[in-house]
Amino acid sequence: MYFDGASHKEGAGAGVVFVTSEGEVLPYSFTLTQNCSNNVAEYQALILGLEIVVDAKQLPLKVYGDSQLVANQLLSLYEVKKPELFPYYNYAKRLMGWLGNVELEHLPRKDNKQADALAKLASTLSMIEKEARIPICKSWVIPPIFSDDEDDMFQEEENHVTKVFEVEEEDWRQPPVDFN
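Now for a quick tour of the structure. Worth saying up front: this structure is predicted, and the values here are computed from it rather than measured. (Residues numbered from 1 in each chain as written. Predicted model: local features only at pLDDT ≥ 70, side-chain atom pairs only at ≥ 80, totals over all residues. Heavy atoms only, no water.)

**Things to note about the packing of helix α1 (residues 38-56) against helix α3 (residues 86-99)**
For step 1, the next point in the chain: Two elements in contact, α1 and α3, have axes separated by 10 Å at closest approach and are oriented at 25°. It follows from the interaxial angle that α1 and α3 lie roughly parallel. Remark: the crossing between α1 and α3 carries left-handed chirality. Each of Val40, Tyr43, Gln44, Leu46, Ile47, Leu50, Glu51, Val53 and Val54 in α1 lies in contact with α3, whose residues at this interface are Tyr88, Tyr89, Tyr91, Ala92, Leu95, Met96 and Leu99. (Axes fitted to C-alpha atoms, helices over the stretch in contact; angles between N-to-C directions. Helix = DSSP H or I, 4+ residues; strand = E, 2+ residues; numbered from the N terminus. Parallel < 35°, antiparallel > 145°, perpendicular 65-115°, else oblique. Left-handed = near helix turned anticlockwise from the far one by under 90°. Contact = heavy atoms within 4.5 Å.)

Right, dumping it as structure tokens:
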């Protein structure tokens, strides 16, 4: 599990990425409903991820985060000095205790890019009043090669069609339908 939090004056967000033993990537992005410090956002991200793991009962768990403060506080290398961090520290410790077999490691931000991007996205979207559903599509555009002959232009235009599919949660395992 990779986690990251992001906070700025307009909002805060959390990103959590799970990588299963089969290599499947499960990304989560959360807008936080209150403004907070970046350290609180980091704890929020960690706790949200740990709560998902508690609900799914998936063990053992390796946890990676780029917050040196949060990682080292939970590894008892740093003491918690700010009173506003105590409730988050205590709850994270309790969740890790319930899970039992949890390894926590600090890693550089460059190695936590997906969780970092999800946290930044969520913190930016926290300004929106309603819940946002944003489809993320994988795509690569290959520009067509056009001939100089105007008679061929019509035929070329028919051959280049872009297809976009929105996949609902309940049918994510079904192949997309071609509407053409």
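That was the structure; now back to the text.
**Quick word on the packing of aromatic side chains**
For step 1, the next point in the chain: For the structure on display, the rule yields three aromatic pairs.
For step 2, the next point in the chain: Ring geometry for Phe18 and Tyr28: centres 5.8 Å apart, planes at 85°, overall edge-to-face. With Phe18 in strand β2 (residues 11-19) and Tyr28 in strand β3 (residues 25-32), the pair connects residues that are 10 residues apart, well separated along the chain.
For step 3, the next point in the chain: Residue Phe18 is classed as buried on the basis of its relative accessible area of 11%.
For step 4, the next point in the chain: You can call Tyr28 partly exposed: its relative accessible area is 32%. (Phe/Tyr/Trp six-rings, centres within 6.5 Å; stacked < 30°, edge-to-face > 60°. Buried < 20%, exposed > 50% of the residue type's maximum accessible area, 1.4 Å probe, protein only.)

**Section: the pattern of salt bridges**
For step 1, the next point in the chain: This model, assessed by the stated rule, comprises two salt bridges.
For step 2, the next point in the chain: The partner of Asp111 in a salt bridge is Lys110, with the nearest N and O atoms 3.5 Å apart.
For step 3, the next point in the chain: The exposed category is assigned to Lys110, whose relative accessible area is 58%. (Salt bridge = Lys/Arg side-chain N within 4 Å of Asp/Glu carboxyl O.)

**Quick notes on a nonpolar patch on the surface**
For step 1, the next point in the chain: A contiguous nonpolar surface patch, about 300 Å² in accessible area, is contributed by Leu75, Leu77 and Tyr78.
For step 2, the next point in the chain: By the secondary structure assignment, Leu77 is in the loop between α2 (68-74) and α3. (Patch = residues over 30% accessible without salt bridge, like charges linked within 9 Å, V, L, I, M, F, W, Y side chains within 5 Å. Areas by Shrake-Rupley, 256 points an atom, 1.4 Å probe, with all protein chains shown as cover.)

**Here we look at the side chain of Asp4**
For step 1, the next point in the chain: Along the chain, the position of Asp4 falls in strand β1 (residues 2-8).
For step 2, the next point in the chain: Here Asp4 sits buried without a salt bridge, and the closest side chain of opposite charge, Arg109, lies 4.5 Å off (N-O distance).
For step 3, the next point in the chain: Those residues in contact with Asp4, other than ones at most four positions away along the chain, are Gly13, Ala14, Gly15, Glu42, Ala45, Asp66, Arg109, Asn112, Ala115, Asp116 and Ala119. (Lys, Arg positive; Asp, Glu negative; His and termini not counted.)

So, to be careful, I would describe these as geometric facts and stop short of saying anything about function.
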